[in-house]
Amino acid sequence: MFQDSSQARFSNTEPDSQTISSFQTVGINTQLQVGMDWLQFTCKPVDDVHVEEVVKSVCMALDDRPVFFRDKSTFMGKQWQHRGHSIKGMKFWFDSPSENSPHAHLLISLTGKVLGGLPVVKVWELCRFLIEVHQVKFTRVDIALDDYAKSVKYADVAEAAIAGNYAYVKQISPYITYERDTTLDNAFTVYIGSIQSDKFVRFYNKDRESNGEINSYRWEMEAKDESAHKLITDWLEIPGDYFEELSPCFLAGKILGIVEFVYRKKIGFAKQKNITRMERYDWWKSFVNSVGGALRHSVPRPDTSFEKKKKWLERAVFGSVAVIRKVMGIFEFNKWTQEELAKAEEKFTDEQCQQISLWSQQKSNILQQSDGVAEIVDEEGQKWAWVWHKNGLDSCWMIARYFGCNDDGEARVRFSGESARTVLQRLVHLGKDKPSWLPMFGTRLKPAVS
């Protein structure tokens, strides 16, 4: 991941006659500076003594001193029992162990101003220490790239956004404030990605935002939750011997890897979707190359498998369901559940329909093939088969007791609560043409058994 980046050479020279950011930066070149602008993390110490140990260890790295305010409850994402801060501005909140939570809970926030006195390599070492020793979870990380040459213009980004010539993000929102003094650059901000997502980028005029103290255009990435933690763990994979050389390009590459500005060719009424066949804007290609390349930052999607949903139901839902069933009685309960399930099925989204198809296919992979149908043999030797069952307007895969299949494709099966019946061309087939049996919503099923 870092071999391509090593081709770039970095300098710690500060921009001439310009004020650099308040956070500690590392130069990619004389006009580009990158650094950490926010770190926030949580951990679960065993007790209040452990809380003090974690807080003091962070303050020691900052050459700082903490001040605790116990029983001074405050709100920071949630209500905390205690809070505190350091002399330099670090803030923290924590809860003591209780009956509901046998451990303490600690949240620490470090802004760019607090991190400003700490070299980037020391921040890197602090993050490694916090993860390895205190098992912290980073919940917010901001990294910022200051472009003192102002090589990318607001107009270029806004034009590409309006034309829809971008990729990787679903939306780009440009805003500009026109000033009466035409000798100064206008104040602008471009939100790249949704601010509600786990990561997005702000591109704005830092010169106007800082009242002339930092004469740059800033690209600032905000990562939250799993995305923030992965950003730090990826950063920590940089070998220590090559940190000074590779870290600037890594951080800048992660910011620019959030988006691509490319020419999308129209194909009929749609636009081209294959990113590899698109051409970058010249101004974007030049800017990405100046930092050594862009690095995509993504977090694996959480496991949404059928078994995980099933286990969640068993763990979190069925306790309450059993209570309701006892109160309502079996007859009323069955009637109520059938009505509610019918209402839920009417609201299935396309994504849920795709999940049903996918999970049905995964389910078939564990079945055995016999006589052209998929069958299961239980502990008592009884055979079962998956059958495409249609009942009125409803159709789905159902498990049925299987009594054999003849050469004509007719089989005797019995669904729960029904008498045995003959079914034709509706049994799950595990031949070479697997897609033939998959439930395709809105289309007619192909014959499953020839």
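Look up: the structure comes first, before these words.
Attention in this report is confined to the structure presented alongside it.

Cut-offs used in this document
Going along each chain's sequence as written, the residues are numbered from 1 onward. Reporting in this predicted model follows two pLDDT cut-offs: at least 70 for local features of residues, and 80 or more for side-chain atom pairs to be given and counted; totals over whole chains, interfaces and linings ignore these cut-offs and use all residues. Hydrogens are left out, water is left out, and the side-chain values use all remaining heavy atoms of the structure. Starting at the N terminus, helices and strands are each numbered in turn, a helix being any DSSP run of H or I of at least four residues and a strand any DSSP run of E of at least two. Residue contacts are defined here by distance: any two heavy atoms, one from each residue, within 4.5 Å place the two residues in contact. Each accessible area is a Shrake-Rupley result for a 1.4 Å probe, and residues are judged covered by the shown protein chains and nothing else. Any two rings among Phe, Tyr and Trp, with Trp reduced to its six-membered ring, count as a pair given centres within 6.5 Å; such a pair is stacked if its planes are under 30 degrees apart, edge-to-face if over 60, and tilted if neither. For the exposure calls, accessible area comes from a 1.4 Å probe over protein chains only, and a residue counts as buried if that area is under 20% of its type's maximum, exposed if over 50%, partly exposed in between. Strands are treated as partners if at least two bridges between them are detected by DSSP. Take the number of residues in a helix, subtract one, and multiply by 1.5 Å to get its expected span. Of all possible arcs, the one meant is that of the directions from the helix axis to the C-beta atoms. Here, the term nonpolar core denotes a set of buried Ala, Val, Leu, Ile, Met, Phe, Trp, Tyr and Cys residues that are joined through side-chain atoms within 4.5 Å. Axis geometry follows a simple rule: fit a line to the C-alpha atoms, using only the stretch in contact for helices, then measure angles between N-to-C directions, giving values from 0 to 180 degrees. Angles are sorted into four bins: roughly parallel if under 35 degrees, roughly antiparallel if over 145, roughly perpendicular if 65 to 115, and oblique for all others. Throughout, the ten residues Ala, Val, Leu, Ile, Met, Phe, Trp, Tyr, Cys and Pro are labelled nonpolar, Asp, Glu, Lys and Arg are labelled charged, and all others, Gly among them, are labelled polar. Counted as a polar contact is a pair of N or O atoms within 3.5 Å, where, for protein atoms, one must be capable of donating a hydrogen and the other of accepting one, and residues adjacent in sequence contribute only when both atoms are in side chains.

Of the regular secondary structure elements, the chain holds 11 helices and 24 strands. At a minimum sequence separation of 6, the contacts of the chain that also span at least 24 residues come to 57%. Per element, the accessible surface of the chain, about 26000 Å² overall, is 51% carbon and sulfur.

Using the criterion set out here, one finds 22 aromatic pairs in the structure. With a centroid separation of 4.7 Å and 35 degrees between ring planes, the pair formed by Trp124 and Phe243 is classed as tilted. A residue pair is termed long-range when its members are at least 10 positions apart, and Trp124 in helix H3 (residues 120–134) and Phe243 in helix H7 (residues 243–256) qualify at 119 residues. Given the relative accessible area of 7%, Trp124 is considered buried. Ring geometry for Phe261 versus Trp283: centroids 5.2 Å apart, planes at 45 degrees, classification tilted. Linking Phe261 in strand E15 (residues 260–263) with Trp283 in helix H8 (residues 282–290), this pair joins segments that are 22 residues apart in sequence.

Of all 7 residues in strand E8 (residues 105–111), 5 are buried, a share of seventy percent or more. Two strands pair when backbone bridges link them, and strand E2 (residues 32–43) and E8 are joined in this way by 6 bridges, in the antiparallel orientation. Counterpart to Leu39 in the pairing with E8 is Leu110. Relative to E8, strand E7 (residues 91–95) runs antiparallel, the two being bridged by 5 bridges.

With that out of the way, let us pick up H3. With 15 residues, H3 extends 20 Å between its outermost C-alpha atoms, agreeing within 8% with the 21 Å of an ideal straight helix rising 1.5 Å per residue. Along H3, the residues that are buried comprise Val120, Val123, Trp124, Leu126, Cys127, Leu130 and His134. Down the axis of H3, the buried set is contained in an arc of 165 degrees. They therefore lie on one face. Just downstream of H3, Gln135 is the residue with a positive phi angle, here 50 degrees.

Membership of the largest hydrophobic core comes to 74 residues, with the highest contact counts inside it found for Trp219, Trp235 and Phe261. No other element matches H7, which puts 7 residues into this core.

One non-glycine residue, Asn211, adopts positive backbone phi at about 55 degrees. Examined against the element boundaries, Asn211 turns out to sit in the loop between helix H5 (206–209) and strand E14 (217–224). Its identity is not glycine, yet Asp225 carries a phi of approximately 55 degrees, on the positive side. By the secondary structure assignment, Asp225 is in helix H6 (residues 225–235).

Across the interface, H3 lies against H7 with an axial gap of 11 Å and an inter-helix angle of 85 degrees. Relative to H7, the element H3 lies roughly perpendicular. Mapping the contact onto sequence places Val120, Val121 and Trp124 in H3 and Phe243, Glu244 and Ser247 in H7. Residue classes in the contact of H3 with H7 are distributed as 4 nonpolar, 1 polar and 1 charged.

Along the chain, Asp95 turns up in strand E7. On the basis of relative accessible area, Asp95 is assigned to the buried category, the value being 13%. A polar contact of 2.6 Å, which involves the side chain of Asp95, links it to the side chain of Lys78. At 2.7 Å, the side chain of Asp95 and the backbone nitrogen of Gln81 are in polar contact. Asp95 has contacts with Asp48, Lys78, Gln79, Trp80, Gln81, His82, Ala104 and His105, leaving out every residue within four places of it along the chain.

The values are spatial; any link to function lies outside them.
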